[in-house]
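# Tertiary structure, described
This is what each chain is made of:
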Amino acid sequence: MATPQPAHAGAILPFPARPPAPPLLLSPPHLAGGELDRVRETMEAGWLAPAGPTPAAFEDALATTTGMQSVLATASGTAALHLGYRVLGVAPGDEVWAPAMTFVASVAPAVQMGAIPRFLDVVETGWTMDPGLLAEELSKAARRGRLPRVVVPVDLYGQCCDLDAIVAACDRWGVPVMCDSAAAMGATQRGGRHAGRGARLAAYSFNGNKIVTAGGGGALAGDDAALLARARQLAGQAKEAWPHYEHETTGYTYGLSSVLAAVGLAQLSALPARVARRRDVFARYVAGLADLPGTGFIAEPAWGRANRWLTVLLIDPAPFGADREVVRRVLQAAGIESRPAWKPLHLQPAFRDAPQAGGATAAALFERGLCLPSGTGMSDADQARVIDLIRSCARN
Ligand SMILES: *Cc1c(COP(=O)(O)O)cnc(C)c1O
């Protein structure tokens, strides 16, 4: 005899019998383990706001990690870049030069300040700003009598740009360099120097998708204490040192809260392990895919050891047998997130009138580049699934 069932039994079940597998994301946050203890410690001591010992301890830890003498913790990497543009004196009509291949945040604050971006092409090896092209363009700009206010190279996908060569080219004309090292925590340059070291200023990000995260946050760093002190003042609404509210200029609310700084501190202690794991993820993709015709990866140039924040697969459609969009859709149908490489800024509608120098290399990388799931919490089995699905798209 069948067990009687209430008529609505099926209708009120809150979940399907087997919940779908969670999606495999590109670069989700990965807890280090000490976050809750740090947050509890900070809050029990009465700290929440962007002040007190925890943001200061985060800044000290970042100074140690990066080798920079002065560090300001900020609410985001974009806020750090904005403060950098402010203290470097960017004004309406000034040019700021950036690589064509980057995320919009590299230049967005400067554009919002009325600056004109100029986009320079990148080198094939490493995908970062071409120092030779930069030197040529600076000479031309000097002849025009219109040097950029600041040059902003980018450590793309955690691969350091050739900062020594870029700084040398800019020093010739007295142009300051602010390195967008937002995605490059833990990456190093020649001689083991941390990403961004050697630039007048460097900006870092602790967004949720970066190699270590505060849940959201950033930092501006450099060796010029006065410049960083100025940025700190602007980050706190540009209050002058008076008991009343006195302002010689206007600023921002750009400090990093104590709670998020506590998360960032715990995460930072895992950075060396995270770099090793991201590099391992990259090596597994290379081992699993490099034999397929028409595939390629970002080569690691002599000047920098990447943190391999995201693995980007290059797909040449003719030999491979499918383009990157076909592969993206196959992965998406299996609940796996992947994304085309940054669309170059000289091709963005927002910058259709911006001057440029070259751009063909960046455009080709965009046509062929697909960012693969690269999180340090991804299991080997999940990564093997991604590799198998990509292999299934190839001609064979
Ligand atoms: C993440 C990122 C930023 C922005 O950092 P936020 O903390 O998200 O504001 C800027 N530039 C590059 C290259 C990035 O990868």
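Within each chain, residues carry numbers counting from 1 in the order of the written sequence. Only residues with pLDDT of at least 70 are given local features in this predicted model, and only at 80 or more are side-chain atom pairs given and counted; all residues enter the totals for whole chains, interfaces and linings. As a rule here, side-chain values come from all non-hydrogen atoms in the structure, and water together with hydrogens is ignored.

### Topic: the domain arrangement of the protein
Looking at the protein, the domain boundaries give domain 1 (35–268) and domain 2 (271–393). Per the annotation, domain bounds derive from an automatic or database assignment of domains. For domain 1 and domain 2, the distance between their C-alpha centres works out to 25 Å. By definition, residues are in contact when any of their heavy atoms lie within 4.5 Å. Between domain 1 and domain 2, the residue contacts involve 44 residues of the former and 39 residues of the latter. When two components associate, each loses some accessible surface as probed by a 1.4 Å sphere; the sum of these losses over both components is called the buried area. Here domain 1 meets domain 2 over a buried area of about 3,600 Å², counting both sides, of which 67% is carbon and sulfur. The largest share of the area that domain 1 buries against domain 2 comes from W127, Y157 and I211, three residues that together contribute 23% of it. Any carboxyl oxygen of Asp or Glu within 4 Å of a side-chain nitrogen of Lys or Arg constitutes a salt bridge here. Viewed at the interface, domain 2 and domain 1 are joined by 0 salt bridges. Between N or O atoms, a polar contact is any pair within 3.5 Å; within protein, one atom must be a potential hydrogen donor and the other a potential acceptor, and residues adjacent in sequence are included only when both atoms are from side chains. Seen at the junction of domain 1 and domain 2, the total is 19 residue pairs in polar contact (both at pLDDT 80 or more). Every element with two or more residues in the side of domain 1 that touches domain 2 is listed here: β3 (116–120), α6 (131–144), β6 (188–189) and α9 (258–268). A run of DSSP states H or I qualifies as a helix once it reaches four residues; a run of E qualifies as a strand once it reaches two. Both are numbered from the N-terminal end. Among the elements that line the side of domain 1 that touches domain 2, the one with the most residues is β3, at 5 residues. Classification used: nonpolar for Ala, Val, Leu, Ile, Met, Phe, Trp, Tyr, Cys and Pro, charged for Asp, Glu, Lys and Arg, polar for all others including Gly. Residue composition of the side of domain 1 that touches domain 2, by class: 25 nonpolar, 12 polar and 7 charged.

### Details of the packing of aromatic side chains
Only Phe, Tyr and Trp rings take part, Trp by its six-membered ring, and two of them pair if their centres are within 6.5 Å. Stacked means planes under 30 degrees apart, edge-to-face means over 60, and tilted covers everything else. Considering all chains together, one arrives at 8 aromatic pairs under this definition. A ring pair is formed by F58 and F206, whose centres lie 5.1 Å apart and whose planes are at 70 degrees; its orientation type is edge-to-face. Placement of the pair is F58 in helix α3 (residues 53–66) and F206 in the loop between β7 (201–205) and β8 (218–222), with a sequence separation of 148 residues. As far as the burial class goes, F58 and F206 line up, both buried. Summary of the burial criterion: residues with accessible area below 20% of their type's maximum are buried, those above 50% are exposed, and those between are partly exposed, where the area comes from a 1.4 Å probe applied to protein chains only.

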